[in-house]
Amino acid sequence: MKNTIMEKLIQKYYQKLGRIQTGNVRSLMDEIDWSNRFIGIKGARGAGKTTLLFQYILVKQLPTSKTLYVSLDDLYFTENNLYDLTEQFVNEGGKHLLVDEVHRYDNWSSELKNIYDDFPGLQVVFTGSSLIHIEKARGDLSRRAVVYELHGLSFREFLAFNEIHNFEKITMEDLLTRHVEIARSIVGKIKPLAYFKEYLVYGYYPYFLENKNVYQQKLMETILIAMSTDLPPTYNLSYASIEKLKQLLYILAESVPFKPNITKLSERVGVSRNSLLDFMRYLEELRIVKRLYADTKGIGLLQKPEKLYLYHPNISYALSYQDADMGSIRESFFINQLSVHCPVEYSAVGDFRIGRHLFEIGGRSKSQKQIDQEQNAYIVADNIEIGFKNKIPLWLFGFTY
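It should be emphasised that the depicted structure is a prediction, and the values quoted were computed from it without experimental measurement. (Residues numbered from 1 in each chain as written. Predicted model: local features only at pLDDT ≥ 70, side-chain atom pairs only at ≥ 80, totals over all residues. Heavy atoms only, no water.)

Asks: What's the story with the sheet that holds strand 3 (residues 96-100) in this structure? I'm lost.
Replies: In a beta sheet, neighbouring strands are held together by backbone hydrogen bonds and run either parallel or antiparallel to one another. Across the sheet, five strands lie side by side as 2-3-4-1-5; this open sheet has parallel pairing. The sheet is open, and its two borders are formed by strand 2 (67-71) and strand 5 (146-149), each paired with just one other strand. Here the strands of the sheet are splayed against their neighbours by 15° on average, with no regard to which way each runs. On the sheet, helix 3 (residues 49-59) packs against strand 1 (38-42), strand 2, strand 3 and strand 4 (123-128) and is oriented at approximately 170° with respect to strand 3. Along the sheet face, helix 5 (residues 108-118) touches strand 1, strand 3 and strand 4 and points at about 165° away from the line of strand 4. (Pairing = 2+ DSSP bridges. Helix = DSSP H or I, 4+ residues; strand = E, 2+ residues; numbered from the N terminus. Axes fitted to C-alpha atoms, helices over the stretch in contact; angles between N-to-C directions. Contact = heavy atoms within 4.5 Å.)

Written out as structure tokens, the structure is:
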């Protein structure tokens, strides 16, 4: 019986593997150290974690007979446990176990920890669509698992997935010092502004390739599912609390960038100050909003953020019942792309600070007025192809990952 069940799981694995293409591979593939024996990949729903697992098998040419992919939302796991399946797999010569949707399985972190400890010849790679569950389990796994985050597509990756052109990543140092040269090289191959507006509307998650016309509807549904299913079991939230959270998101969507008055906002939503700050944290953990602080060092759970943004521009178009504010869109894009590799801080002078560098975001005619007395300060301008001196095109910041 066990062999029959194993054969069914293997058949499902082979069928899914046969549908995977390796034409478009996320840059995270090259950043993960696949020699580690215990790897976690976290990311928001729809980021492409399942595809990355299968592409790992194909790109790294793992022996398919010694590799097993399982999704823990499979009905098999309603009456069977992962540990027993793993033991059988290892006894039959298995070397690589790829475990998807771990948050759908009770006590997943404990079982994975035991699997890692008990089967030293086995590599385990696991993914979870709920970043919250991954983060809460990291205490158990921190000494064992190396955890990476799969973000949504950068503008650079969007161009590759659309088969426009494959460009190399740009380091922050090169972008600041050689942006004119780099932009001229890119503009010599494509017209970036023609694609940039499309990216802002629907380009962050790879499922835009399935149907661009329903992308925003699917994004909205994904957000609501994440709020309704990922949060309650983790934070013991009631249905009424989830409705309050949706109300907060609606307020933020119509107001971003939002400089929160916690007292007024908590009264409007009908929750306590501490509950409101928790709600903001939950929305960021789901990658729906981004909290910005003046100093990212030593941030406490109950510290008020200086500003709130939607996590990426696509959300503005999906949630807004009126025309999305272009200034907010630009700032959301900048924060989203740059915060992958470095903390972005709120600044009273200019808009944002990254390390010792100051950035002011605006349209093509944005002046130097607000930063003309500052050192290491830059204008980030939309609707220009090529910059000049300290004026850098906004779209170019989408090439940093």
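Asks: Would you explain the side chain of Ser154 in this entry?
Replies: Relative to the helices and strands, Ser154 is located in the loop between strand 5 and helix 7 (155-161). Within the local environment of Ser154, its side chain forms a polar contact with the backbone oxygen of Tyr401, the two atoms lying 2.7 Å apart. Not counting chain neighbours up to four residues away, the residues in contact with Ser154 comprise Tyr199, Gln337, Gly398 and Tyr401. (Polar contact = N/O pair within 3.5 Å; in protein donor to acceptor, adjacent residues only side chain to side chain.)

Asks: Explanation requested: the sheet that holds strand 10 (residues 357-362) in the structure shown.
Replies: The five strands are arranged 8-9-10-11-12 in an open sheet whose pairing can be described as mixed. Each having just a single partner strand, strand 8 (345-346) and strand 12 (391-393) make up the two edges of the open sheet. In this sheet, strand 9 (residues 352-354) lies alongside strand 8 in antiparallel orientation, the contact comprising two bridges. Across the sheet, Tyr346 pairs through a bridge with Phe352, a residue of strand 9.

Asks: Explain the packing of helix 9 (residues 192-202) against helix 15 (residues 326-338) here, please?
Replies: Two quantities define a packed helix pair, namely the angle between the helix axes and the distance between the axes. Close contact between helix 9 and helix 15 brings their axes to 11 Å; oriented N to C, the two are set at 85°. Put simply, helix 9 runs roughly perpendicular to helix 15. Contact residues: Phe196, Tyr199 and Leu200 in helix 9; Met326, Ile329, Phe333, Asn336 and Gln337 in helix 15. Within the contact of helix 9 with helix 15, the residues separate by chemical class into six nonpolar, two polar and no charged. (Parallel < 35°, antiparallel > 145°, perpendicular 65-115°, else oblique. Nonpolar A, V, L, I, M, F, W, Y, C, P; charged D, E, K, R; others polar.)

Asks: Explain the pattern of salt bridges to me, please; I cannot follow it from the model alone.
Replies: Within the structure shown, the criterion is met by 18 salt bridges. The closest approach of N and O atoms between Asp74 and Lys12, which form a salt bridge, is 2.8 Å. Highlighted residues: Asp74 in the loop between strand 2 and helix 4 (82-91) and Lys12 in helix 1 (residues 2-18), separated in sequence by 62 residues. In this structure, the salt-bridge partner of Glu181 is Arg178, at a minimum N-O distance of 2.8 Å. Taken as a pair, Glu181 and Arg178 lie in helix 8 (residues 172-187) at a separation of three residues, close to a single helical turn. Since its relative accessible area comes to 31%, Arg178 is described here as partly exposed. One network of salt bridges, with partners in common, ties together Asp174, Arg178 and Glu181. (Salt bridge = Lys/Arg side-chain N within 4 Å of Asp/Glu carboxyl O. Buried < 20%, exposed > 50% of the residue type's maximum accessible area, 1.4 Å probe, protein only.)

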